[in-house]
Structure formats: structure tokens, C-alpha cells
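Below, each chain spelled out in residue letters.
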Amino acid sequence: MGIDAMNLRPAIFLDRDGVINSNVLDPATGEYGAPLTADGFQVAPRAIEGLLALQRVGYPLFLISNQPNYAKGKTTLKELAAIHRMLQEELVSAGIPFTEFYYCYHHPHGEVAGYSGPCECRKPSPYFLRKAKEEHGVSLEASWMIGDRVTDIECGRAAGLYTIRIAEDHPAQRNPNEVQADFTASNLADAAKIIIEHSESIKVSRPTTSRPSYSATRRSRAA
């Protein structure tokens, strides 16, 4: 039996790399992305401040992150687990509980069997957003998605969420034709201010055509 629609509540969905922790340079590719080892994990500036602000006003927090580096052969599952433990330790130390951590470990062009090829959970698919609705009674239409990549924004928009794009923490040239977020912010603390200011009555003008879906074209540099 499904969750009563009258009891659904808004929540905050966050990408991890570039939002909660800083992206790091991969010397093998010259690109910035998720840390490959626990030693590379570093909380992003003002991220804890932003999470605490959202917690104080009562929003449940969810993490949704593409983590394809094992599928690509760049790291191990053991290292990915160690990085997640580092994140959890930082959150516990700050007194910030997350309701759920959702990770996609697949990559469509990976090289590790069982983790390569198409999947239903990789952003921009809204799979995990809908899973949170079913499992935790989340009102997606009143919720927010915060990320630093266009795939995060496409994911949120595909499920009807409000979206905030964090300025990337490394030099990048954005495509002017990319799907645009409802709001932009320089860091997670600024994103939290936007959400809190609009939590009671929000009026956002959104496009009514060309609405993105989980099958929208990905940027080649997306994680």
C-alpha cells in the first residue's frame, strides 16, 4: 500500500562531489571530478554551514551521486567505501543526519563487468528521486535538487523538483544551451539561503516546453 499523499513532505537532494566535497584533479585525464582515494576527500568550503542551515529548518537530506570510477577501472570498491566513510564521519562530527545515501556505481562505457552499460539509476535519470518518494514519503514537487553539473539539474527537473546549480569549483566553460537551473549559488551555504527564503511561498518561472528527461543528452565531461 502506497504512502498517503497527504503525508508527503519536502526534502533536499544533494549531489556529492563539487557540492558537499571538493572535486579533485585526476592527473591521468587532466579533468576534475570525484576523489579516487579517501586521502583526496575534502569538505567543500561552507558545505557544513549550508547543511546545518537546512537541518535547522527541518528538511530531510538525501544524497544522490554518480560514482562510476570503479566501473571505469580508476579505483576500487574498497576505496569508494572508504571515501563514503570519510563523508559520514564529517557529517556525524557536525551532527548532520542524512535520511539516505543513493549511489549509482555504473557507467555506460565502463570496463568492469556488472557495472558497465546502461542502467536506470544513473543521473540524469530521476530513479532515486522517485525511490525516495516511495520509500520515505517525499513530495517531489515541493523538494529541491542541488548539484554542480547539468545532469543534476536534468535529474531534478525530470521529477518536477526546484533546482539550484552550484558554481563548479574548478575552471569550466558551460554550454549556453544547457538546461538552466531555477537558481544558481556560489556554494552550499548560499543555496541553503535561497531555499529558506523561498520555503513558504516560491514563485519560479519555468520553461513549459523542452522539459528534460532522464534520457537527455549528457555532457561528455559529466561524472
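Residues numbered from 1 in each chain as written. Predicted model: local features only at pLDDT ≥ 70, side-chain atom pairs only at ≥ 80, totals over all residues. Heavy atoms only, no water.

Draft legend 1. Just helix H5 (residues 188-197), in detail. The element H5 is extensively covered by neighbouring structure, given that 7 of its 10 residues are classed as buried. Among the residues making up H5, those that are buried are Leu188, Ala189, Asp190, Ala191, Ala192, Ile194 and Ile195. Buried residues in H5 make contact with strand E1 (12-14), helix H1 (47-56), strand E6 (144-147), strand E7 (162-166) and strand E8 (183-185). (Buried < 20%, exposed > 50% of the residue type's maximum accessible area, 1.4 Å probe, protein only. Helix = DSSP H or I, 4+ residues; strand = E, 2+ residues; numbered from the N terminus. Contact = heavy atoms within 4.5 Å.)

Draft legend 2. Spatial organisation of the nonpolar core. Leu14 and Ile146 are the most contacted members of the largest nonpolar core, which has 33 residues in total. At the level of secondary structure, the elements contributing two or more residues to this core comprise E1, H1, strand E4 (61-66), helix H2 (77-94), E6, E7, E8 and H5. Examining the composition of this core, we find that 5 residues originate from one element, H5, more than from any other. With near-sequence residues (within four places) excluded, leucine 14 lies in contact with Val19, Ile20, Leu51, Leu61, Phe62, Leu63, Ile64, Phe98, Met145, Ile146 and Leu188. Core analysis: the next-biggest nonpolar cluster, separate from the first, contains 16 residues, Phe13, Cys121, Phe128 and Ala159 among them. (Core = buried A, V, L, I, M, F, W, Y, C linked by side-chain atoms within 4.5 Å.)

Draft legend 3. Representation of the confidence of the model for the protein chain within the structure. Across the protein chain, the average pLDDT comes to 88, with 85% of residues at 70 or higher. Confidence drops under a pLDDT of 50 for residues 203-223, and excluding neighbours within four residues, the segment shows 44 contacts in the predicted structure. (pLDDT = per-residue confidence, 0-100.)

Draft legend 4. Here's a closer look at the packing of aromatic side chains. This structure, assessed with the given rule, holds 9 aromatic pairs. Pairing phenylalanine 98 with phenylalanine 101 gives two aromatic rings, centres 5.3 Å apart and planes at 10 degrees, and the pair type is stacked. Here the aromatic rings of tryptophan 144 and phenylalanine 183 are separated by 5.8 Å at their centres, their planes lie at 35 degrees, and the arrangement is tilted. Taken as a pair, tryptophan 144 in strand E6 and phenylalanine 183 in strand E8 lie far apart in primary sequence, 39 residues in all. For the pair tryptophan 144 and phenylalanine 183, one class covers both residues: buried. Grouping aromatic residues by their ring pairs yields a cluster made of Phe13, Phe62, Tyr102, Tyr127 and Phe128. (Phe/Tyr/Trp six-rings, centres within 6.5 Å; stacked < 30°, edge-to-face > 60°.)

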